[in-house]
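Residue-level structure breakdown
Letter by letter, the chains look like this.
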Amino acid sequence: MGSFCCFVPGQPLISAASFTQVDANRWTVNLTSERPINELAAFITQPLQESEALGCHIASAPFEEGSWHYLGAISNATPSVVFKTRLVWSA
């Protein structure tokens with residue numbers, strides 16, 4: 001681990017070290033904000049193996065299996081992305 005970061009625009013960078021590994025290929029981090037989180041930016045900090053990509057999901061409390069929404073992926077072809085999370089909360 002250690003090859004990705006994310007941030008809510010206007011807030012500090014969240015490095016991979018801030019994530020908690022919850023499964024062999026799953027990490028989580030709690031995001032907090034006084035305002036609604038309408039965007040989330042994520043990027044890789046070093047190239048991934050050719051067959052790898054990072055899938056990004058988001059959920060709000062309670063964090064039940066069905067509450068997670070797929071935002072998209074980060075790969076060597078798309079090493080950075082800004083996810084529009086407001087579309088998730090309005091769906």
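Heads up: the structure comes first, above all this text.
The shown structure was predicted, so the numbers you read here are calculated from the model rather than taken from an experiment.

Re the sheet that holds strand E1 (residues 4-7)
Strand-to-strand pairing in sheets goes through backbone hydrogen bonds, with the strands running parallel or antiparallel. Ordered in space as E2-E1-E5-E8, the four strands form an open sheet in which the pairing is antiparallel. The two strands at the open ends of the sheet, each matched to only one other strand, are strand E2 (14-15) and strand E8 (80-84). As judged from the four bridges shared by E1 and strand E5 (residues 39-44), these two strands associate in the antiparallel manner. Pairing of Cys5 across the sheet is with Phe43, part of E5.

Brief notes about the packing of aromatic side chains
Aromatic ring pairs: the centre-centre distance and the angle between the two ring planes describe each pair. Per the counting criterion, the structure on display carries two aromatic pairs. One aromatic cluster is present, formed by Phe4, Phe19 and Trp27 through successive ring pairs.

Focus on the side chain of Ser75
Checked against the element boundaries, Ser75 lands in the loop between strand E7 (69-74) and E8. Sequence-distant contacts of Ser75, defined by excluding residues within four places in its chain, comprise Ile44, Leu48, Glu52 and Ala53.

A few points about the pattern of salt bridges
What the rule picks out here adds up to one salt bridge. One salt bridge in this structure joins Glu39 and Lys84, with 2.4 Å as the shortest N-O distance. A residue pair is termed long-range when its members are at least 10 positions apart, and Glu39 in strand E5 and Lys84 in strand E8 qualify at 45 residues. Residue Glu39 is classed as partly exposed on the basis of its relative accessible area, which comes to 24%. By relative accessible area, which is 38% here, Lys84 ends up partly exposed.

What about the pairing of E5?
Strand direction decides the pairing type here: E5 and E8, joined by five bridges, are antiparallel. Along E8, the bridge assignment pairs Leu40 with Phe83.

Things to note about the pairing of strand E3 (residues 20-23)
As a general feature of sheets, a regular strand has side chains that alternate between the two faces. Looking at chain direction, E3 and strand E4 (residues 26-28) are connected through three bridges and run antiparallel. Looking at E4, one finds that Gln21 is bridged to Trp27. The hairpin formed by E3 and E4 contains two residues between the paired strands.

Conventions we followed
Residues numbered from 1 in each chain as written. Predicted model: local features only at pLDDT ≥ 70, side-chain atom pairs only at ≥ 80, totals over all residues. Heavy atoms only, no water. Pairing = 2+ DSSP bridges. Helix = DSSP H or I, 4+ residues; strand = E, 2+ residues; numbered from the N terminus. Phe/Tyr/Trp six-rings, centres within 6.5 Å; stacked < 30°, edge-to-face > 60°. Contact = heavy atoms within 4.5 Å. Salt bridge = Lys/Arg side-chain N within 4 Å of Asp/Glu carboxyl O. Buried < 20%, exposed > 50% of the residue type's maximum accessible area, 1.4 Å probe, protein only.

Interpretation in functional terms is not warranted from these geometric data alone.
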